[in-house]
Amino acid sequence: MNYRHIIAIAMLGFLAACASEPKRVAQLDEARSKVEALSKEPLAQEVASKELSAAQDNLKRADEALEKGEPEEQVAHLAYLAKQNAEIGQTRIDEAESRELVAQGEADRTKVLLDARTQEVEMARQRAAEAELTAAAKSEEADSARAALAELQAKQTERGMVLTLSDVLFDTAAATLKPGATVAIDRLAKYLESSPESRLIIEGHTDSQGSEAYNEDLSRRRAEAVAEELVTRGIASDRFEVIGRGEGYPVANNGTAEGRQQNRRVEIVFSDQAGRFAPGVTTGSLRDE
C-alpha cells in the first residue's frame, strides 16, 4: 500500500467520524439543563411529577430526532417543549415553596398587618389633627387679611379689591412719597405678610396736564415709588407688577382742579389669597373700562 492510499484511507476515516458525531443544537442544550435542574428539585416528584415526566419524554424525543438526522427545526421544537415542561414544573415547585413559607410565617404576617393597621390609624389621626390646625391657621390668616383690607379702605370693584392712594401722598409733579404715606404703605405690607400668596398690580395715573409721554413716565415713577417702599418692608418684588397708565384712565373731569386731583392717583389691584386676579385682569396689559 503506497503513501497515497494511506492518506486517502485516513481522510475517509476522518470524514466518517465527523459524519457520525451528532450535531449540536443550542435549544437542546438549554432544554437539557432545565430538565436536569428540575429533576434535582426535592419537591419535583411531589408537586411536578407530571411536568418532569413530560419534559424528560420530549427531551428524549429531541435527542432521538437529532441522532436520526431529522431537520433542526423539529429538534428545536421538541427541545422547546421539554424546556417549557421543565419551566412549568419549576413554577409549580416555587409556588408550593411559597405557600409553605406563607403558612410558616402566617402568625408573623398577621402581627405585621395589625401593627401596620395601628400605625395607619395613628397617622390618619395625626393628619386629621394637622388638617384641623391648618384650616384654623388659614381661617385666622383670612380674618387677618380681611381686617388689613378693611384698615386700608380698599373697595370691591369688577377688577377685585382696589385701593386708591390719592395725589396728596406725592408732591406736585413729583414721584417721591410724602411722610403721610407711611401709614398706608405699612398697612399694605401688613396685609401682604398675612396673605403670602396674594399679588398686586400697582398702577400709576395722572391728570391730563402736560404731554402724554411725560404723564406716562410720571405715573410709572409714582407706582414704582410705592413698590420700592414695599420692598424696603420685606415684600418680595415678584409679588407685584408696576404699570404706568398715564392720563388714559381718568376717574373724574380733568376740566376742574378737583377732578384733576382725583385723577392723580396710584391704584393697587389685589389678587385673591391664592394669587388669582379677577377675570379680565391681566398683568402687563391695560384694563378694560
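My aim in this report is to walk through the structure given alongside it, one point at a time. (Residues numbered from 1 in each chain as written. Predicted model: local features only at pLDDT ≥ 70, side-chain atom pairs only at ≥ 80, totals over all residues. Heavy atoms only, no water.)

1. Considerations on the nonpolar core
Nonpolar side chains tend toward joint burial in soluble globular proteins. Here is the rule we go by: We call a set of buried residues a nonpolar core when its members are Ala, Val, Leu, Ile, Met, Phe, Trp, Tyr or Cys and they connect through side-chain atoms within 4.5 Å of each other. Residue burial is assigned from relative accessible area. The probe radius is 1.4 Å, only protein chains are included, and a residue is buried under 20% of its type maximum, exposed over 50%, and partly exposed in between. Working definition: helices are DSSP H or I runs of at least four residues, strands are E runs of at least two. Numbering for both runs from the N terminus. Throughout, a contact is declared for two residues whenever any of their heavy atoms are within 4.5 Å.
With 28 residues, the main nonpolar core has L200, I202, V226, L230, I268 and F270 as its most contacted residues. Listing elements by their share of this core, those giving two or more residues are α6 (106-152), β2 (160-166), α7 (182-194), β3 (200-205), α8 (212-232), β4 (240-246) and β5 (265-270). Apart from the residues lying within four places of it in its own chain, the contact partners of L200 are L188, L192, L230, R239, F240, E241, I268, V269, F270 and F277. Formed by 19 residues, the second largest nonpolar core is a distinct cluster that contains V25, L52, L78 and A79.

2. Topic: the sheet that holds β4
Short version of the rule: At least two DSSP bridges between two strands are needed for those strands to be called paired. Each axis is a line fitted through C-alpha atoms, taken for helices only over the stretch in contact, and angles between the N-to-C directions span 0 to 180 degrees.
Here we have five strands laid out as an open sheet, ordered β1-β2-β5-β3-β4, and mixed in their pairing. With one partner strand each, in any of the chains shown, β1 (155-157) and β4 form the two edges of the open sheet. Strand-to-strand twist across the sheet, computed as the mean angle between neighbouring axes with direction ignored, equals 30 degrees. Note: β3 against β5, six bridges, orientation antiparallel.

3. A short note on α8
Cut-off, in case you're wondering: Given the number of residues in a helix, its expected span is that number minus one, multiplied by 1.5 Å.
The end-to-end C-alpha distance of α8 is 31 Å, a good match for the 30 Å that 21 residues give at a rise of 1.5 Å each. Restricting attention to buried positions, one finds in α8 the residues N215, L218, S219, R222, A223, A225, V226, A227 and L230.

4. Observations regarding the pattern of salt bridges
Our working definition: Salt bridge, as used here: a side-chain nitrogen of Lys or Arg that lies within 4 Å of a carboxyl oxygen of Asp or Glu.
Summed over all chains, the structure comprises 17 salt bridges. With its nearest N and O atoms 3.8 Å apart, the salt bridge here joins R32 to D29. In this pair, R32 and D29 are both assigned in helix α2 (residues 26-39), three residues apart and thus about one turn of the helix distant. By relative accessible area, R32 is classed as partly exposed at 25%. D29 gets classed as partly exposed once you look at its relative accessible area, which sits at 31%. In this structure, E229 engages R233 in a salt bridge whose closest nitrogen and oxygen atoms are separated by 2.8 Å. The exposure class assigned to E229 is partly exposed, which follows from its relative accessible area of 29%. If you follow the salt bridges from partner to partner, you end up with R159, E203, R245, R265 and E267 in one network.

5. Brief notes about the packing of α2 against helix α5 (residues 72-104)
To characterise two packed helices, one gives the angle between the axes of the helices and the distance between these axes. Short version of the rule: Just so you know how the angles are binned, under 35 degrees is roughly parallel, over 145 roughly antiparallel, 65 to 115 roughly perpendicular, and the rest oblique. Handedness of a helix crossing follows the sense of rotation of the near helix relative to the far helix, less than a right angle counterclockwise being left-handed and clockwise being right-handed. Three classes are used: nonpolar for Ala, Val, Leu, Ile, Met, Phe, Trp, Tyr, Cys and Pro, charged for Asp, Glu, Lys and Arg, and polar for all others, with Gly counted as polar.
Taken N-terminus to C-terminus, the directions of α2 and α5 make an angle of 25 degrees; their axes are 8 Å apart at the nearest point. Classified by the interaxial angle, the pair formed by α2 and α5 is roughly parallel. Crossing angle aside, the handedness with which α2 passes α5 is left-handed. Facing Q27, L28, E30, A31, K34, V35 and L38 of α2, the residues of α5 in contact are V75, A76, A79, A82, K83, N85, A86, E87, G89, Q90 and I93. Partitioned by chemical class, the residues of the contact of α2 with α5 number ten nonpolar, four polar and four charged.

6. As for the packing of aromatic side chains
One pair of aromatic rings is described through two measures. These are the centre distance and the angle between the planes. What counts is decided by this rule: A pair of aromatic rings is counted whenever rings of Phe, Tyr or Trp (Trp by its six-membered ring) have centres within 6.5 Å, and the orientation is called stacked for planes under 30 degrees apart, edge-to-face for over 60 and tilted otherwise.
Applying the stated criterion across every chain, the model contains one aromatic pair. Consider the rings of Y191 and F270, whose centres lie 5.3 Å apart with planes at 85 degrees: the pair is edge-to-face. Of the two residues, Y191 sits in helix α7 while F270 sits in strand β5, which places them 79 residues apart along the sequence. Note on Y191: relative accessible area 3%, which makes it buried.

7. Remarks on helix α4 (residues 49-67)
Where we set the bar: What the arc describes is the spread of directions from the helix axis to the C-beta atoms.
Between its first and last C-alpha, α4 extends 27 Å over 19 residues, near the 27 Å set by a 1.5 Å rise per residue. Among the residues of α4, E51, L52, A55, N58, L59, A62, A65 and L66 are the ones counted as buried. With its buried residues spanning 155 degrees around the axis, α4 presents them on a single face. Structural note: α4 exposes K50, K60 and E67 on the side pointing more than 90 degrees away from its buried face.

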